[in-house]
Amino acid sequence: MSIADRLLRIKQSLPQQVTLVAVSKTKPETDLMEAYEAGQRVFGENKAQEMTAKWSSMPKDIQWHMIGHLQSNKVKYIAPYVALIHGVDRSELLDEIEKQGAKNNRIISCLLQVHIAEESTKFGWNPQELVSWATQEQLEKYPHVRIQGLMGMATFTSDEHQIKQEFASLKSVFDQLKAIHAHWDTLSMGMSQDYALAISMGSNMVRIGSSIFGERN
Ligand SMILES: *Cc1c(COP(=O)(O)O)cnc(C)c1O
């Protein structure tokens, strides 16, 4: 099946309120263009340099999402154009996004990353710490940042019950914080292997790579 066929098949399976981020990291621009020609406009990358190179040569109506772990010293490269930063996992990173947002005269949309997985290798806030940290007063310290919701990654496991519990805990943190931040509208959870489950647990943004573009090397 072609990239366009796989993309369209996935899109058709998604409920209308769910945004598809086509995760194109490591893939050549010709592959991205195939998805673009099939109507895709939201792409996810995990390296600032690679995303910036693609942004500069590809059509300007693409929305670029940074989905990977972002080093503070890389924020300046993506600040002029990035549409959404998913992996904001520490307050120092928000400080830098605020600074670069101000410099570029932009308000940069972000999601806070919550650590829901068992593995210690995945980044993100501890759920309880985030709930006590993310007060209205705290987030007002970043006028050039618009927090829109949360992002999380489940443990890499075939144990569906565990994945489900992890998604449920993220949804619960989201609901607690949305009670304070009424404008939050985005819960980014779900990848190629688990997006259907994520949607059933309340996700409205899925990040799908290999099921569209094929396996990465
Ligand atoms: C690579 C990546 C994805 C996509 O993974 P697939 O399994 O290829 O769909 C989603 N989210 C993040 C944060 C990623 O790094």
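Here, every reference points to the structure presented above.
This part is about the pairing of strand β4 (residues 84–88). Most of β4 sits inside the fold, with five of its five residues counted as buried. Looking at chain direction, strand β3 (residues 63–66) and β4 are connected through two bridges and run parallel. The residue bridging M66 from the neighbouring strand is I85, located in β4. When β4 meets strand β5 (residues 108–114), the two strands line up parallel, connected through two bridges. In the strand pairing of β5, V88 is matched with L112. Handedness of the crossover joining β4 and β5 through helix α5 (residues 91–103): right-handed.

This part is about the packing of aromatic side chains. Taken as a whole and judged by the stated rule, the model has four aromatic pairs. Judged by centre distance (4.2 Å) and plane angle (5°), the ring pair of W55 and Y81 falls under stacked. You can see W55 sitting in helix α3 (residues 48–57) and its partner Y81 sitting in the loop between α4 (75–78) and β4, a full 26 residues away along the chain. Taking relative accessible area as the criterion, W55 reaches 27% and is therefore assigned partly exposed. Its guanidinium or amino end placed over the ring of Y36, R41 lies 3.6 Å from that ring's centre, counting from NZ or CZ. Here the guanidinium or amino end of K60 rests over the ring plane of W55, the centre of that ring lying 5.3 Å away.

Cut-offs and rules
- Think of each chain on its own: its residues are numbered from 1, step by step along the sequence as written.
- The model is predicted, so local features are restricted to residues of pLDDT at least 70 and side-chain atom pairs to those at 80 or more, both for listing and for counting; the totals for chains, interfaces and linings are taken over all residues.
- Values reported for side chains reflect all heavy atoms of the structure, with hydrogen atoms and water molecules removed beforehand.
- Accessible area is worked out with a 1.4 Å probe on protein chains only. A residue is then buried under 20% of its type maximum, exposed over 50%, and partly exposed in between.
- A helix here means a DSSP run of H or I that spans at least four residues, while a strand means a run of E at least two residues long, and both kinds are numbered starting from the N terminus.
- Here, any two strands with at least 2 DSSP bridges between them count as paired.
- The handedness of a crossover follows from its direction of travel: if, with the strands pointing away from the viewer, the path from the first strand over the helix to the second runs clockwise, the crossover is right-handed.
- Each Phe, Tyr or Trp ring (for Trp, its six-membered ring) is paired with any other whose centre lies within 6.5 Å, and the angle between the two planes then decides the class: stacked below 30 degrees, edge-to-face above 60, tilted in between.
- Look at NZ for Lys and CZ for Arg. If either is within 6 Å of the ring centre and within 35 degrees of the ring normal, a charge sits over the ring.

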